[in-house]
Amino acid sequence: LDKAFEYLHKAGKRAAHLSANEEAIVHYKKALELLKKLPETPDKVQKEIALQLDFTVPVAALKGYGAPEGLQAIFRARDLCHQIKESPQYFTVLVQLATHYAFVRAEYRTALEYQDQINEIVEKTGDPLQKAISFYTTVWSLFNIGELTQTVEHAKEMNALYDPEKHGFLAYMFGSDIGVVNRCFGAWALWFLGYPDQAQKEYDLAMWHATKSGHPHTIAFALTGACEMDWFVGDKKAAKPHLEELTKISNEKGFIYWQAHAVFYQGEKTILDGKIEEGIAQMQQGLAMIKATGMQTCFTRLLARMAEACLKTGQIEEGLKAIHEAGE
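Just so it is clear, the model here is predicted, and its values are computed rather than measured. (Residues numbered from 1 in each chain as written. Predicted model: local features only at pLDDT ≥ 70, side-chain atom pairs only at ≥ 80, totals over all residues. Heavy atoms only, no water.)

**What about the overall build of the protein?**
Consideration 1: The number of helices and strands found in the protein is 18 helices and zero strands.
Consideration 2: By the compact-globule yardstick of 20 Å for 328 residues, the protein fits well, its C-alpha radius of gyration being 20 Å.
Consideration 3: Across its three principal directions, the C-alpha atoms of the protein cover 65 × 40 × 35 Å.
Consideration 4: Taking all 328 residues of the protein together, 53% fall into the buried category.
Consideration 5: Carbon and sulfur atoms make up 54% of the accessible area of the protein, which amounts to about 15600 Å² in all.
Consideration 6: Positive and negative side-chain charges of the protein, numbering 35 and 42 respectively, have mean locations separated by a distance of 5 Å. (Helix = DSSP H or I, 4+ residues; strand = E, 2+ residues; numbered from the N terminus. Rg over C-alpha atoms; globule rule 2.2 N^0.38 Å. Buried < 20%, exposed > 50% of the residue type's maximum accessible area, 1.4 Å probe, protein only. Areas by Shrake-Rupley, 256 points an atom, 1.4 Å probe, with all protein chains shown as cover. Lys, Arg positive; Asp, Glu negative; His and termini not counted. Charge placed at Lys NZ, Arg CZ, Asp CG, Glu CD.)

**A word on a nonpolar patch on the surface**
Consideration 1: Where nonpolar side chains cluster on the molecular surface, the patch consists of L311, I316, L320 and I323 and spans about 420 Å² of accessible area.
Consideration 2: In terms of residue count, helix α18 (residues 316–326) provides more of the nonpolar patch than any other element does, three residues in total.
Consideration 3: When you line up the elements, I316 lands in helix α18. (Patch = residues over 30% accessible without salt bridge, like charges linked within 9 Å, V, L, I, M, F, W, Y side chains within 5 Å. Salt bridge = Lys/Arg side-chain N within 4 Å of Asp/Glu carboxyl O.)

**Structural notes on the pattern of salt bridges**
Here the idea is simple: oppositely charged side chains can pair when their charged atoms come close.
Consideration 1: Taken as a whole and judged by the stated rule, the model has 20 salt bridges.
Consideration 2: R78 is the salt-bridge partner of D79, the closest N and O atoms lying 3.2 Å from each other.
Consideration 3: We classify D79 as partly exposed; its relative accessible area is 37%.
Consideration 4: We classify R78 as partly exposed; its relative accessible area is 23%.
Consideration 5: Between E318 and K321 there is a salt bridge, with its nearest N and O atoms 3.7 Å apart. You can see E318 and its partner K321 sitting in helix α18, three residues apart, about one turn around the helix.

**Examining the confidence of the model for the protein**
Consideration 1: For the protein, the mean per-residue pLDDT works out to 92, and 100% of the residues sit at or above 70.
Consideration 2: When mean pLDDT is taken per element in the protein, helix α8 (residues 148–161) scores highest with 97 and helix α17 (residues 299–313) scores lowest with 87. (pLDDT = per-residue confidence, 0-100.)

**Quick notes on the environment of D43**
Consideration 1: Counting through the fold element by element, D43 comes out in helix α3 (residues 42–63).
Consideration 2: Residue D43 is classed as partly exposed on the basis of its relative accessible area, which comes to 45%.
Consideration 3: The sequence separation of D43 and I84 amounts to 41 residues, and the corresponding C-alpha distance is 10.0 Å.

**As for the side chain of N182**
Consideration 1: Structurally, N182 can be placed in helix α11 (residues 178–192).
Consideration 2: Aside from chain neighbours lying at most four places away, what touches N182 is Y136, V139, H154, A155, M158 and N159. (Contact = heavy atoms within 4.5 Å.)

**As for helix α15 (residues 256–272)**
Consideration 1: Helix length check: α15 (17 residues) gives 25 Å between terminal C-alpha atoms against 24 Å at 1.5 Å per residue, within 8%.
Consideration 2: Counting buried positions along α15 yields twelve of 17 residues, so the element is predominantly enclosed.
Consideration 3: Within α15, burial applies to Y257, W258, Q259, A260, H261, A262, F264, Y265, G267, E268, T270 and I271.
Consideration 4: Buried residues belonging to α15 abut α13 (216–233), α14 (236–253), α16 (276–292) and α17. (Expected span 1.5 Å × (residues − 1).)

**A closer look at the packing of α17 against α18**
The description of two packed helices rests on the angle between their axes and on the distance between the axes.
Consideration 1: Relative to each other, α17 and α18 sit at 165°, their axes nearing to 8 Å. By the angle between their axes, α17 is roughly antiparallel relative to α18. Our pair here, α17 against α18, has a crossing hand that is left-handed. Of the residues in α18, those in contact with T300, L303, M306, A307, C310 and L311 of α17 are I316, E318, G319, A322, I323, E325 and A326.
Consideration 2: When its residues are assigned to classes, the contact of α17 with α18 shows nine nonpolar, two polar and two charged. (Axes fitted to C-alpha atoms, helices over the stretch in contact; angles between N-to-C directions. Parallel < 35°, antiparallel > 145°, perpendicular 65-115°, else oblique. Left-handed = near helix turned anticlockwise from the far one by under 90°. Nonpolar A, V, L, I, M, F, W, Y, C, P; charged D, E, K, R; others polar.)

This is the structure we're talking about:
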């Protein structure tokens, strides 16, 4: 049984590394079932924690960050960590929890509360990589509560400690290359602070690292952020190839969350092409797809874009509906 579990876990990790996410989920589920037959020991608990954390990666890629299966796995790993003193996996669990509250539930201050526990571990270990990750876990939350200067500072601190060549393996622990994600958020904050040239330079670097990594889910993330940056700076020429690439990779790999964004952005493009009703319908479809994944973050921003599109096209009633929903 031990060997069978070991090989199923390895098969799942191998499939996840190849972005064969459906296959990875199947292997991980079989391994979880097999684990139930093993005797109750501290070693079994550690094995399940590692497996539950690995399981979240293909689930997030295939079904979105808010997929119930993925969230259950995170909470199960947390509960298991409480059974073991000084579990080496607890740091990763805390990072996953902070990310969940920030990325999925849009409870940014709750996410930052987990930061105290993360920082305590970093102070004890003095591990530079853990320190880099600790800066990363704050950036999205700080950005969304309007602490833009702090966002940029933390993003820079993370960049200084993170080596894409050495630390790229974290993409297979957290679902995306966190160095790329960090640069994307830092670039957005720079734009909002009034530094468009620096923001574009930072985002170009994020895209370069994403492409070099060859990690499909990271590339899809970066392309989505690039579409946002194009909208911020009003660069319609750059928006088209980014949208085409995002549509292609998200459809090929079945990344439903990024597919939803591509549909939304396609709606904006359709409106620019003069097909107003069709474009509004596509934007609504994209929003519905995102909601279906369980995500609660990003909606204010996307609904604001919906309202703006409606204003430009004279769809006043639809625009007011979007504003009302964004304010709820």
